[in-house]
Amino acid sequence: MSKTQSIIGRYAPSPTGDLHLGNLRTAMLAWLKARLDGGKFLLRMEDLDQPRVVTGSADQILRDLEWLGLDWDGEVLYQSKRAQAYEEALALLDSAALVYPCFCSRKDIQTAISAPHSKAAVYPGICRDLGSESRQRKRVLKQPAFRVRVSDSLEHDVGDFVIKRADGLFAYQLAVVVDDLYQDVTQVVRGADLYDSLTRQQYLAHTLAPARPPIEYFHAPLMLGEDGVRLAKRDGADSIKCWRESGKTAEQLLAFLYNSLGLESVGEQISLVDLSQRLESQAWQGILFA
Ligand code: GLU
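The rules behind the values
- Counting starts from 1 at the beginning of each chain's written sequence and moves along it residue by residue.
- Where local features are concerned, this predicted model is filtered to residues with pLDDT of at least 70; where side-chain atom pairs are given and counted, the filter is 80 or more; whole-chain, interface and lining totals use all residues.
- Only hydrogens and water are set aside; all other atoms, that is, all heavy atoms of the structure, feed into the side-chain values.
- Any two strands between which DSSP finds at least two bridges are classified as paired.
- Secondary structure elements are defined from DSSP: runs of H or I of at least 4 residues count as helices, runs of E of at least 2 residues count as strands, and each element is numbered from the N terminus.
- Fitted lines through C-alpha atoms serve as axes, helices being fitted only where they are in contact, and the angles separating the N-to-C directions of these axes extend from 0 to 180 degrees.
- Any two residues having at least one pair of non-hydrogen atoms within 4.5 Å are treated as being in contact.
- Only protein chains enter the area calculation, which uses a 1.4 Å probe; residues under 20% of their type maximum are buried, those over 50% are exposed, and those in between are partly exposed.
- Look down the strands so they point away from you; if going from the first strand over the helix to the second traces a clockwise path, that crossover is right-handed.
- Every case where a carboxyl oxygen of Asp or Glu lies within 4 Å of a side-chain nitrogen of Lys or Arg is listed as a salt bridge.

Quick look at the sheet that holds strand S5 (residues 145–148)
Okay, step 1: Strand order in the open sheet formed by three strands is S4-S5-S6, with antiparallel pairing between adjacent strands. Looking along the sheet, the strands with just one partner apiece sit at the ends: strand S4 (99–102) and strand S6 (161–164). In this sheet, neighbouring strand axes are inclined to one another by 50 degrees on average, regardless of whether the strands run parallel or antiparallel.
Okay, step 2: Contacting S4, S5 and S6, helix H3 (residues 83–95) crosses the sheet at an angle of about 130 degrees to S6.

This is the structure in structure tokens:
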């Protein structure tokens, strides 16, 4: 990235329940990286998947981040208000002949990929080259999803992926990229569970905005519970609410989150300002992987 380009980081939680401590640790790392790099830090609510959104969760997330001291620049962007932008991106891809309707059920795909030599989880292109007549015939029976065609070099490892679901919802993969581009994000720090999405998102970002410098992606290790299994939002015991209700302070939580990374301990409590100052050396960033 050129030195003249200003850094813009972001955190993009899904309001599908209270943040757990692992989500919060990722938010803390994203904030620290953006601020230590002298950049802005934006917040986006990924409330696109309305059936999974939990009422009140977005507001609770904002309160939790504020309580911890993670501030953000400008207004929070809500994906539920961005349908028009996603529609435009789909139209742009379509005008480049990169979109096609897909009528496959999960079972169709399963059957095709369980054939010898096919790679699991990669869409085998069943609907890629359907003629317009069969598309019309199939449309009478079924609403299609829409897939983007990937370049030949990605066909075998990534496969054409869904950007709009058959139920009309835009897929996370499209929305996240459209919004990162719209918000001029230059740097993403997020959980390692999203590492698998990286190639798809780089492909979409480059296709939608070829002249733009690539976004830098970093992935933070996932926090594991005592049982060694990664935390999920339903694990109430690991929610920040529980932590707060037990009378602990934000400084104690920050220290806990940071110490859980297994780096040099910062003691039992630390303020965000002190943490930022201690971390000015970039050594801690080694735990983030691209
Ligand atoms: N909304 C996603 C989540 O909460 C994060 C998306 C991203 O950071 O790219 O897991």
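Concerning the pairing of strand S7 (residues 187–191)
Okay, step 1: Burial runs high along S7: five of the five residues are buried.
Okay, step 2: Two elements, strand S1 (residues 8–11) and S7, share two bridges in a ladder whose sense is parallel. Paired with Arg10 across the strands is Val188, a residue of S7.
Okay, step 3: Remark: the S7/helix H8 (residues 198–208)/strand S8 (residues 216–220) crossover connection has right-handed handedness.

A short note on the pattern of salt bridges
Okay, step 1: Throughout the structure, instances matching the rule amount to 16 salt bridges.
Okay, step 2: Among the salt bridges present, the one from Arg44 reaches Asp180, with a minimum N-O distance of 2.9 Å. Taken as a pair, Arg44 in strand S2 (residues 40–45) and Asp180 in helix H7 (residues 172–182) lie far apart in primary sequence, 136 residues in all. Residues Arg44 and Asp180 agree in their burial class; the two are buried.
Okay, step 3: Asp167 is paired through a salt bridge with Arg165; the nearest N and O atoms lie 2.6 Å apart.
Okay, step 4: Among the charged side chains, a network of salt bridges with common partners joins Arg10, Arg44, Glu46, Arg82, Asp179 and Asp180.

Description of the sheet that holds S2
Okay, step 1: As summarised here, the arrangement of the five strands in space is S3-S2-S1-S7-S8, forming an open sheet in which the pairing is parallel. Among the strands making up the open sheet, the edge pair consists of strand S3 (77–78) and S8.
Okay, step 2: Sheet strands touched by helix H1 (residues 21–36): S1, S2, S7 and S8. Its angle to S7, the strand with the most contacts, is close to 160 degrees.
Okay, step 3: Against the sheet, H7 touches S1, S2, S3 and S7, its axis set at about 145 degrees to S2.

These values are about where atoms sit, not about what they do.
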